[in-house]
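As a plain string of letters, each chain reads:
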Amino acid sequence: MKKIHIILSLFILASLISCTKESIDINLDAISAPKNIAISTKITQDNSGNVTFTPSGEGVSQYEIYFGDETVSPAIVSPGETVTHQYTEALWHAKIVGVTLNGKKTEIIQDVLVTFRSPENLVVVIKNDPKISKKVNITANADLALFYTVYFGEPGQTDPIQFNTGETVSYTYQNAGTYTIRVVAKGVAIKTTDYSADFKAIIIANPTSSAPIPANRLRSNVISIYSSKYFNVAGTDYFPDWGQGGQGSSSAEFNLNGDKMLQYINLSYQGIALANTVTIDVSKMLYLHFDVWTADLTQIETSLISKTNGEKPFTNNLTANQWTSIEIPITAFTSQGMTVADIYQLKFVGTPSAVGTVFIDNIYFYKN
């Protein structure tokens, strides 16, 4: 067994010497340039832009791959290996160079068309705001979308608003009416996905929530005209009309889920009249309070009317689509030379006149 082992070792050594001698005897100058250079590309479909290159050829010791984008240095790839490169969406011209042991080169140009999938399954929800007139709320969701832009379709408003998935974008139109809304879903792809729909912006004709609840006060500190919190002056007429019905003005008691409030429609000037023989002395009170909700009036003028020296007005601004709590000091009337010891009427005037509707609740005089 020992003799056989020695013989085999000598045979292997002789073979190695023979191979070494052959490699030394290779004539590098005789090696020809690479042939049949080719490359296969595999482009992922997940919008990552990754492209895998697999070069092939004859007589190649290594490959140089120039990707054709802003990458300057080539990737060096050995035969049988691959390399992956990330592109943006475009048509790229990659150059593949096969190199032999003696440095001879053969190159080809390979077109690489990288396309991304545009956003898919776009779902857009367009709704009128439940509380604010002429206001639209929009949400959108789409696979492969990074963000959205929305065009609201109002003349003169050409700039879109950008928002993301999960966000709500809102817009309030100047006028009620029908508008074409276009939502554009954008991802990494050049191609976008669009959605268009006609939307009717509406005016909310009534409040959707009650006015603020008045504070707890002693009965002697309040003279209530209309409120469910306090005791109201008996026999009060909340729509004496005063000839305004011919302009379309009217009044009603609006019921919001059991909460009642006064509603004056097409308010020009309307009032409240106490019972024929009733007057109230508010000279000991500090404020006149009432809450107003409107969708279309900008101001309301309030007058106290005295039996002895007529009326004096005071004007307050209103905020549309929400309750405005108004506190008018009694001195706002007495400073105009008015006597407030015998008040028997109140008057409301809307701006603009005879076109808007107001809801009024919690009308009372009080002192602290």
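Heads up: these notes are all about the structure in this document. Treat the numbers as computed from the prediction; the structure is a model and nothing was measured.

In this section: the overall build of the protein. A tally of regular secondary structure across the protein gives 2 helices and 24 strands. On C-alpha atoms alone, the protein measures out to a radius of gyration of 43 Å, which is more than a quarter above the 21 Å that the 2.2 N^0.38 rule sets for 368 residues. Along the first, second and third principal axes, the C-alpha atoms of the protein reach 140 × 55 × 35 Å. Expressed as a percentage of its 368 residues, the buried residues of the protein come to 40%. Averaged over its 26 positive side-chain charges, the protein has a centre that lies 6 Å from the centre of its 32 negative ones.

With respect to topology, 4 strands assemble into an open sheet ordered β11-β10-β13-β14, the strand pairing being antiparallel. If you trace the sheet from one side to the other, it starts and ends with β11 (161–163) and β14 (193–201), each paired once. Geometrically, the sheet is characterised by an average inter-axis angle of 25° between neighbouring strands, direction not taken into account. Pairing analysis gives 3 bridges linking strand β10 (residues 147–151) to β11, with the strands arranged antiparallel. When the sheet's bridge partners are listed, tyrosine 148 is paired in β11 with phenylalanine 163.

A few words on the sheet that holds strand β8 (residues 120–128). One open sheet holds the 3 strands; their spatial order is β8-β9-β12, and the pairing between them is antiparallel. For this open sheet the edge positions go to β8 and β12 (169–172), each flanked by a neighbour on one side alone. Ignoring strand direction, the axes of neighbouring strands in this sheet form an average angle of 20°. Judged from the 4 bridges that link them, strand β9 (residues 135–143) and β12 form a sheet pairing that is antiparallel. Bridge assignment links isoleucine 138 to a residue of β12, and that residue is valine 169.

Turning our attention to the packing of aromatic side chains. Applying the stated criterion across every chain, the model contains 16 aromatic pairs. Grouping aromatic residues by their ring pairs yields a cluster made of Phe152, Tyr171, Tyr173, Tyr179 and Phe199. In this structure, lysine 95 packs its charged tip against the face of tyrosine 66, placed 4.7 Å from the ring centre. Positioned above the aromatic ring of tyrosine 344, the side-chain terminus of lysine 307 is 5.6 Å from the ring centre.

Quick look at the environment of methionine 285 now. One can find methionine 285 in the loop between β18 (269–273) and β19 (287–294). Measuring from C-alpha to C-alpha, the distance between methionine 285 and proline 212 comes to 21 Å, with 73 residues separating the pair along the chain. Excluding anything up to four places from it in sequence, methionine 285 contacts Ser220, Asn221, Val222, Ile223, Ile330, Phe365, Tyr366 and Lys367.

Moving on to the pattern of salt bridges. Tallied over the entire structure, the rule returns 5 salt bridges. Linking glutamate 64 and lysine 105 is a salt bridge whose minimum nitrogen-to-oxygen distance equals 3.8 Å. One end of the pair, glutamate 64, is in strand β3 (residues 62–66); the other, lysine 105, is in strand β7 (residues 105–114), and 41 residues separate them in sequence. Take lysine 105: its relative accessible area is 51%, and that puts it in the exposed class.

This next bit is on the pairing of β7. Note: strand β6 (residues 90–99) against β7, 10 bridges, orientation antiparallel. Considered in β7, the bridge of leucine 91 is made with leucine 113. The antiparallel pairing of β6 with β7 creates a hairpin that spans 5 residues between the two strands, and glycine 103 there sits at a positive phi of about 90°.

This paragraph deals with the side chain of serine 249. Relative to the assigned elements, serine 249 resides in the loop between β15 (222–226) and β16 (250–256). Taking the relative accessible area as the measure of exposure, serine 249 reaches 4% and is therefore buried. For serine 249, the side chain forms a polar contact with the main-chain oxygen of isoleucine 265, separated by 3.4 Å. Side-chain polar atoms of serine 249 contact the side chain of glutamine 270, separated by 2.9 Å.

The next thing to look at is the environment of phenylalanine 152. Structurally, phenylalanine 152 is set in the loop between β10 and β11. Here phenylalanine 152 falls in the buried class, since its relative accessible area comes to 5%. Each residue touching phenylalanine 152, except ones within four places of it in the same chain, is listed here: Val136, Ile138, Ile161, Val169, Ser170, Tyr171, Tyr173, Tyr179, Thr180 and Ile181.

Quick notes on the rules
- Residues numbered from 1 in each chain as written.
- Predicted model: local features only at pLDDT ≥ 70, side-chain atom pairs only at ≥ 80, totals over all residues.
- Heavy atoms only, no water.
- Helix = DSSP H or I, 4+ residues; strand = E, 2+ residues; numbered from the N terminus.
- Rg over C-alpha atoms; globule rule 2.2 N^0.38 Å.
- Buried < 20%, exposed > 50% of the residue type's maximum accessible area, 1.4 Å probe, protein only.
- Lys, Arg positive; Asp, Glu negative; His and termini not counted.
- Charge placed at Lys NZ, Arg CZ, Asp CG, Glu CD.
- Pairing = 2+ DSSP bridges.
- Axes fitted to C-alpha atoms, helices over the stretch in contact; angles between N-to-C directions.
- Phe/Tyr/Trp six-rings, centres within 6.5 Å; stacked < 30°, edge-to-face > 60°.
- Lys NZ or Arg CZ within 6 Å of the ring centre and 35° of its normal.
- Contact = heavy atoms within 4.5 Å.
- Salt bridge = Lys/Arg side-chain N within 4 Å of Asp/Glu carboxyl O.
- Polar contact = N/O pair within 3.5 Å; in protein donor to acceptor, adjacent residues only side chain to side chain.

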